[in-house]
Amino acid sequence: MNNLDVIYNYDWIRAHWSKQELTNDRDDSLWRYLPLLPVKTAPENHSIRVGGTPLISFPKIALDYDLNNFYIKDDMRNPSGSLKDRATEIGIQHASELGKDTLVAASTGNAAASLSALSAFYGKKAVILAPASTPKAKLTQILQHGAHLYLIDGSYDEAFDLSIKVAKEFGWYLRSTGINPIMSEGKKTVALEISEQLDWQVPDKVFVPVGDGCIIGGIYKGFYDLKQLDWIDKIPKLIALQAEGSAAIVNALENNGEIKLVSSNTLADSISVDFPRDGLKALRAVNESGGFGIKITDDEILKAQLLLSKTTGIFAEPAAAAAFGGFLKAHKSGKIETGESVIVLITGTGLKDVPSAQKQIKMPEAISPDFSLFRDSHLTYIK
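First things first, this report covers the structure right here in the doc. Every chain begins its residue count from 1, and numbering advances along the sequence as written. Whole-chain, interface and lining totals are the exception, using all residues; otherwise, since this is a predicted model, local features are given only for residues with pLDDT of at least 70 and side-chain atom pairs are given and counted only at 80 or more. Excluded from the side-chain calculation are hydrogens and water; included are all heavy atoms of the structure.

1. Some points on helix 7 (residues 156-170)
Logical step 1: Only DSSP runs of H or I covering at least 4 residues are called helices, and only runs of E covering at least 2 are called strands; the numbering of each starts at the N terminus. To estimate the expected span of a helix, subtract one from its residue number and multiply by 1.5 Å. Over its 15 residues, helix 7 runs 21 Å from end to end, which matches the ideal 21 Å to within 8%, given 1.5 Å per residue.
Logical step 2: Along helix 7, the positions that sit buried rather than exposed are Tyr-156, Asp-157, Ala-159, Phe-160, Ser-163, Val-166 and Ala-167.
Logical step 3: Tucked into the core, helix 7 has its buried residues touching strand 3 (102-106), strand 4 (125-131), strand 5 (148-152) and strand 6 (173-174).
Logical step 4: In the stretch just after helix 7, Gly-171 is the one whose phi turns positive, near 75°. Here's how the labels work: a residue is buried when its accessible area is under 20% of the maximum for its type, exposed when over 50%, partly exposed in between, all with a 1.4 Å probe on protein chains only. Contacts are residue-level and defined by heavy atoms, with any inter-residue pair within 4.5 Å sufficient.

Right, dumping it as structure tokens:
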């Protein structure tokens, strides 16, 4: 099954929209990019604000790794705590324009939490099909927002196949990625923001965690659209990071380009996929941008998660931390050149999967509140 692309009339957009108009637009949500979105209008009230997430510079990390610039694009700041809100925001508006009030999605957690949260805000009905193995924090978030949750005794891929049948039978809007091209159009807005935040001087490399392939495919589409408008002069190299136990796309990049089914086994649930439904777009994104793929073990992911938190103050979920782990691995293997500008995309908050983070830390034992004991026994440790 191939996912479609949304095609725009770039000549018309170029004639009716300019960087100056964008600069004067006081709306800092993703709706500032409406001329490059596949819907007619923005929601009347989008004050919940999806998009407009910070691009954070870390000069010390850049210095430590011989880079010109090192940035983190922190998409944990979206309403439900993940980048998936970008796709959901556009999807809900698209559903409204089609006259549909019920949306259904198969998800390992983040897309479901996103659909649940934004459906609550916009007054829509959300139906979620999630594997029973989904982290409890994400399931709690889904239920907290009042969505109709069905736990599937099977894999994400089985939930995905069911979501297609359910949407067709009941006439619901299908929010699942890999089949609905509107999702890629929402996710591409992170690339539009990155470009604008860097004053249209795009980085050399962007590290992206990959599961289904929709995010990296969408990011490529965002940079591609801007290149067609002549707003940027190049598309950065897109680096696909996958868990070693769920690496169908990286396997294809390393071999003959054919995506083959794997039996996914990784604690990074958000990128745990047997067969990537947007795999072809992911391959195109990497190949046409001149990027490459990296596989990273679960142990490397957890170590990267902890290091990321300690050095940046950003607590990412395992799937998101895989992007930072991939950056570390690429640098160690000489795949990043001195003086480059690099962005690591953080797609979801670590609060969505606290038990995984706890594997790398040791909880301290309770101590006496007596000050003299603290001074004599514990203060030396801090010093």
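2. Topic: the sheet that holds strand 3
As a general point, the strands of a sheet are linked pairwise by backbone hydrogen bonds and lie either parallel or antiparallel.
Logical step 1: The pairing criterion for strands is at least two bridges between them, as found by DSSP. In space, the 4 strands of this open sheet follow the order 5-4-3-6, with parallel pairing throughout. Since the sheet does not close on itself, it has two edges, and those belong to strand 5 and strand 6, each with one partner.
Logical step 2: Here strand 3 runs beside strand 6; their pairing, made up of 2 bridges, is parallel. Bridging across to strand 6, Leu-103 finds its partner in Tyr-173.
Logical step 3: In the packing of helix 7 onto the sheet, the strands contacted are strand 3, strand 4, strand 5 and strand 6, and the crossing angle to strand 3 comes to about 155°. Here an angle of 0 to 180 degrees is reported between the N-to-C directions of two axes, which are lines fitted to C-alpha atoms, with helices fitted over the stretch in contact.

3. Description of the environment of Tyr-71
Logical step 1: Within the secondary structure, Tyr-71 is located in strand 2 (residues 69-74).
Logical step 2: Since its relative accessible area comes to 13%, Tyr-71 is described here as buried.
Logical step 3: Each C-alpha atom, one on Tyr-71 and one on Gly-339, is 13 Å from the other, the two residues being 268 residues apart in sequence.
Logical step 4: Among all residues touching Tyr-71, those that are not within four sequence positions of it are Leu-55, Ile-56, Ser-57, Leu-198, Ser-341, Val-342, Ile-343 and Val-344.

4. Topic: the pattern of salt bridges
Logical step 1: The term salt bridge refers to a side-chain nitrogen of Lys or Arg lying within 4 Å of a carboxyl oxygen of Asp or Glu. By the definition in use, this model includes 25 salt bridges.
Logical step 2: The closest approach of N and O atoms between Asp-5 and Lys-281, which form a salt bridge, is 3.5 Å. With Asp-5 in the segment before helix 1 (10-16) and Lys-281 in helix 12 (residues 279-289), this residue pair connects regions lying 276 residues apart in the sequence.
Logical step 3: Judged by relative accessible area, which is 34%, Asp-5 ranks as partly exposed.
Logical step 4: For Lys-281, a relative accessible area of 7% gives the class buried.
Logical step 5: Close ionic contact of Arg-284 with Asp-5 constitutes a salt bridge, the shortest N to O distance being 2.7 Å. You can see Arg-284 sitting in helix 12 and its partner Asp-5 sitting in the segment before helix 1, a full 279 residues away along the chain.

5. A word on the sheet that holds strand 10 (residues 341-346)
Logical step 1: If you trace the 6 strands from one edge of the open sheet to the other, you get 1-2-10-7-8-9, paired in mixed fashion. With one partner strand each, in any of the chains shown, strand 1 (55-57) and strand 9 (292-296) form the two edges of the open sheet. For this sheet, the mean angle separating the axes of adjacent strands, direction not counted, is 25°.
Logical step 2: Sheet strands in contact with helix 10 (residues 214-228) are strand 7 (205-209), strand 8 (237-243) and strand 10, and its direction is about 175° off that of strand 8.
Logical step 3: Contacts between helix 13 (residues 298-312) and the sheet are confined to strand 2, strand 8, strand 9 and strand 10, with strand 9 contributing the most and set at about 100° to the helix.

6. A closer look at the packing of aromatic side chains
Logical step 1: Aromatic pairing here means that ring centres of Phe, Tyr or Trp (its six-membered ring) are within 6.5 Å. Orientation follows from the plane angle: under 30 degrees is stacked, over 60 is edge-to-face, and everything else is tilted. Applying the stated criterion across every chain, the model contains 13 aromatic pairs.
Logical step 2: Summarising the aromatic geometry, the rings of Trp-17 and Trp-231 are spaced 4.9 Å apart at their centres and angled 35° between planes, so their arrangement reads as tilted. Pair noted here: Trp-17 is in the loop between helix 1 and helix 2 (19-24) and Trp-231 is in the loop between helix 10 and strand 8, with a separation of 214 residues, a long-range link. Here Trp-17 matches Trp-231 in class, with each residue buried.
Logical step 3: On the basis of an interplanar angle of 85° and a centroid distance of 5.8 Å, the ring pair of Phe-207 and Phe-327 is categorised as edge-to-face. Of this pair, Phe-207 sits in strand 7 while Phe-327 sits in helix 14 (residues 318-332); the two residues are 120 residues apart in sequence, bridging distant segments of the chain. As far as burial versus exposure is concerned, Phe-207 and Phe-327 are alike and both buried.
Logical step 4: Cluster of aromatic residues (ring-pair linked, three or more members): Phe-58, Tyr-65, Phe-70, Phe-207, Phe-324 and Phe-327.
Logical step 5: Above the ring of Tyr-33, the side-chain terminus of Arg-32 is found at 5.9 Å from the ring centroid. Should the NZ of a Lys or the CZ of an Arg lie within 6 Å of a ring centre and within 35 degrees of the ring normal, that charge is described as sitting over the ring.

7. Structural notes on the packing of helix 13 against helix 14
Logical step 1: Where helix 13 contacts helix 14, the axes come no closer than 8 Å and their chain directions differ by 90°. One way to sum up the angle between helix 13 and helix 14 is to call them roughly perpendicular. Across the interface between the two elements, Glu-300, Ile-301, Ala-304, Gln-305, Leu-307 and Leu-308 of helix 13 pack against Pro-318, Ala-321, Ala-322, Phe-324, Gly-325, Leu-328 and Lys-329 of helix 14.
Logical step 2: Partitioning the contact of helix 13 with helix 14 into residue classes produces 9 nonpolar, 2 polar and 2 charged. Roughly parallel means an angle under 35 degrees; roughly antiparallel means over 145; roughly perpendicular covers 65 to 115; every other angle is labelled oblique. Just so you know the grouping, Ala, Val, Leu, Ile, Met, Phe, Trp, Tyr, Cys and Pro go in nonpolar, Asp, Glu, Lys and Arg go in charged, and all remaining residues, Gly too, go in polar.

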